[in-house]
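Report on the structure
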Amino acid sequence: MISAIPSLAITTGANRVVKGCRIEHVCGDPNLGPERDKQYGLEIAKTALKAITTDVYKPTLFEPRVPV
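So, here's what we can say about the structure.

Definitions and cut-offs
- Residues numbered from 1 in each chain as written.
- Predicted model: local features only at pLDDT ≥ 70, side-chain atom pairs only at ≥ 80, totals over all residues.
- Heavy atoms only, no water.
- Pairing = 2+ DSSP bridges.
- Helix = DSSP H or I, 4+ residues; strand = E, 2+ residues; numbered from the N terminus.
- Right-handed = clockwise from strand over helix to strand, strands pointing away.
- Contact = heavy atoms within 4.5 Å.

Quick look at the pairing of strand 2 (residues 16-19)
- With 2 bridges connecting them, strand 1 (residues 2-3) and strand 2 associate as parallel partners. Across the sheet, the residue bridging to Ile2 is Val18, located in strand 2.
- For the crossover that starts at strand 1, traverses helix 1 (residues 6-11) and ends in the parallel strand 2, the hand is right-handed.
- Summarising the sheet, strand 2 and strand 3 (residues 60-62) pair through 3 bridges and their orientation is parallel. Its bridge partner lying in strand 3, Val18 is registered against Phe62.

Remarks on the environment of Tyr40
- Secondary-structure assignment places Tyr40 in helix 2 (residues 34-52).
- Considered as a pair, Tyr40 and Pro67 are 27 residues apart in the sequence and their alpha carbons are 6.0 Å apart.
- When sequence neighbours within four positions are dropped, the list of residues in contact with Tyr40 reads Cys21, Gly28, Asp29, Leu32, Pro64, Arg65, Val66 and Pro67.

See below:
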C-alpha cells in the first residue's frame, strides 16, 4: 500500500507500506517542479515494486528516496 499516512496503514494491518508524499498527491510532490516530481513518482513506484517482492514477517515501512 502506498500511503501518505503510513502509521495509519500499518496500524490497520497493511504488511507492506510505501511512504507517499501528501494525501492529495500521494505519488509525487508538485512543489518539486515537473521534472523532480516525475523522478519522485518513479522512485515511489520503484519502492513499491521492491516492497511487493520483499519477504516480510511483520508490518514494514518502505521509504522512497526524495530527489535532490
